[in-house]
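Here is what each chain is made of, one letter per residue.
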Amino acid sequence: MKILSIETSCEHASVALLLDGETVERTLEGHSNHSERLLPTLKTLLAEAGVALGSLDAVAFGAGPGAFTGLRLACGVAQGLAMGADLGVAPICSLEALALQGRGDSIYVATDARMGEVYSAACRLSHGLPVMLAPPTCCPPEMLALPAEGRWTGIGSAFAVYGDRIPQEVLDRLGPQQQDAVPRAADVARLAVRLVEGGALVAAEVAAPLYVRDKVALTTAERLARGGRA
């Protein structure tokens, strides 16, 4: 199995190549130059491994939810590479990819969505891979809620950013939170394997980001209502 993957849903961007069970990953430091460094880094990754683009089984990307610009970048590059080499694309939920770093079998992922909101998803591991119990949501941290039963592991930036606004009943059912973890391209590649094996790749031209929230910025009135400045 050979999969090239891209994860740029947050400022800690990375790319990876999964090759016969082994993964090589590269990080792209510096939020401002992701678009400049992404393609050269991908090409270097393939060249160092001696892998031709056309020999890949798929191109995968972290589809989000996350930073809109980063999602569009990852999707556009994945589409371009896949179209040029006649490959299928594996859009992977970035929250599911992050859940792979969680501890235990019940993992609650919550990341900073900006604008005073949180992207979240509850996942349970099945055969070592996360399965979301419901589609990702976007809401204020005060509205976060866990599934009805059991204890969960919390992971994601929202616990650091909004820890004082998350309901206490949620925090009481979580173990120690992994607040600094970010989605990684290596995990995006791991999750793409099941799409390849299941024949669930999509054509490059229909691959799309998973935005969850359509709004890019608050209006002046909304900022003032949330205690911000005009």
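What you are looking at is a predicted structure, and each value in this text was computed from that prediction instead of being measured.

Novice: In this structure, what is going on with the domain arrangement of the protein? I would like to understand it.
Specialist: The accessible area lost on association of the parts is a frequent measure of interface size. Segmentation of the protein into domains returns domain 1 (2–94 + 183–197) and domain 2 (102–172). Between domain 1 and domain 2, the C-alpha centre-to-centre distance is 25 Å. Summed over both partners, the interface of domain 1 with domain 2 comes to about 620 Å²; 66% of that surface belongs to carbon and sulfur atoms. On the surface where domain 1 and domain 2 come into contact, there are one salt bridge. With its nearest N and O atoms 4.0 Å apart, the salt bridge here joins Arg114 to Glu11. Our count for the contact surface shared by domain 1 and domain 2 stands at one residue pair in polar contact (both at pLDDT 80 or more).

Novice: Is there a simple way to explain the confidence of the model for the protein in this structure?
Specialist: Low pLDDT marks regions whose predicted coordinates should not be analysed in detail. Here the protein shows a mean pLDDT of 91. Residues at 70 or above account for 91%. Here residues 217–230 is modelled with pLDDT under 50, and outside its nearest four sequence neighbours on either side it reaches 14 contacts, counting other chains as well.

Novice: For this particular structure, what's the right way to read the nonpolar core?
Specialist: The tendency in soluble globular proteins is for nonpolar side chains to be buried side by side. Leu4, Ile6, Leu38, Leu42, Leu56 and Phe61 are the most contacted members of the largest nonpolar core, which totals 27 residues. Within the residue set of this core, elements represented by two or more residues are β1 (2–7), β2 (13–19), α1 (34–49), β4 (58–64) and α2 (68–85). Top element by residues in this core is α2. It accounts for eight residues. If sequence neighbours within four positions are ignored, Leu42 has contacts with Leu4, Ser5, Ile6, Val15, Val77 and Leu81.

Novice: Help me out: how do you make sense of the sheet that holds β2 in this one?
Specialist: Within a sheet, each strand pairs with its neighbour through backbone hydrogen bonds, oriented either parallel or antiparallel. Read from one edge to the other, the open sheet built from five strands follows the order β3-β2-β1-β4-β5, with strand pairing classed as mixed. At either end of the open sheet lies a strand with only one pairing partner, and these are β3 (22–28) and β5 (89–93). Within the sheet, the average angular offset between the axes of one strand and its neighbour, ignoring direction, is 20°. The pairing of β1 with β4 spans four bridges and is parallel.

Novice: Even after reading the chapter, I still don't get the environment of Ser14, so can you show me in this structure?
Specialist: Within the fold, Ser14 resides in strand β2. By relative accessible area, which is 4% here, Ser14 ends up buried. In this structure, the C-alpha to C-alpha distance between Ser14 and Phe61, residues 47 residues apart in sequence, is 10 Å. Apart from residues lying up to four places away in sequence, Ser14 is in contact with Ser5, Ile6, Glu7, Glu25, Arg26, Thr27, Leu28, Pro183, Arg184 and Ala185.

Novice: What exactly am I supposed to notice about the pairing of β2 here?
Specialist: Burial of β2 is extensive: six of the seven residues sit out of reach of the surface. Pairing between β1 and β2: six bridges, direction antiparallel. Counterpart to Lys2 in the pairing with β2 is Leu19. In this antiparallel pair of consecutive strands, β1 and β2, the connection spans five residues. Pairing between β2 and β3: seven bridges, direction antiparallel. Opposite Ala13, over in β3, you have Leu28 as the bridge partner.

Novice: What's the story with the pattern of salt bridges in this structure? I'm lost.
Specialist: Following the criterion strictly, the structure yields eight salt bridges and no others. Arg114 is the partner of Asp112 in a salt bridge, and the nearest nitrogen-oxygen pair spans 3.4 Å. Asp187 is the partner of Arg190 in a salt bridge, and the nearest nitrogen-oxygen pair spans 3.8 Å. With Arg190 and Asp187 both in helix α6 (residues 185–197) and three residues apart, the pair spans about one turn of that helix. One network of salt bridges, in which partners are shared, links Glu11, Asp112 and Arg114.

Novice: Looking at this structure, how should I read the packing of aromatic side chains?
Specialist: Ring pairs (aromatic) are described by centroid distance and by the angle formed between their planes. For the coordinates displayed, the defined rule picks out one aromatic pair. Ring geometry for Phe68 versus Tyr211: centroids 4.9 Å apart, planes at 40°, classification tilted. You can see Phe68 sitting in helix α2 and its partner Tyr211 sitting in the loop between α6 and α7 (220–225), a full 143 residues away along the chain.

The rules behind the values
- Residues numbered from 1 in each chain as written.
- Predicted model: local features only at pLDDT ≥ 70, side-chain atom pairs only at ≥ 80, totals over all residues.
- Heavy atoms only, no water.
- Domains from an automatic or database assignment.
- Buried area = accessible area lost by both parts, 1.4 Å probe.
- Salt bridge = Lys/Arg side-chain N within 4 Å of Asp/Glu carboxyl O.
- Polar contact = N/O pair within 3.5 Å; in protein donor to acceptor, adjacent residues only side chain to side chain.
- pLDDT = per-residue confidence, 0-100.
- Contact = heavy atoms within 4.5 Å.
- Core = buried A, V, L, I, M, F, W, Y, C linked by side-chain atoms within 4.5 Å.
- Buried < 20%, exposed > 50% of the residue type's maximum accessible area, 1.4 Å probe, protein only.
- Helix = DSSP H or I, 4+ residues; strand = E, 2+ residues; numbered from the N terminus.
- Pairing = 2+ DSSP bridges.
- Axes fitted to C-alpha atoms, helices over the stretch in contact; angles between N-to-C directions.
- Phe/Tyr/Trp six-rings, centres within 6.5 Å; stacked < 30°, edge-to-face > 60°.

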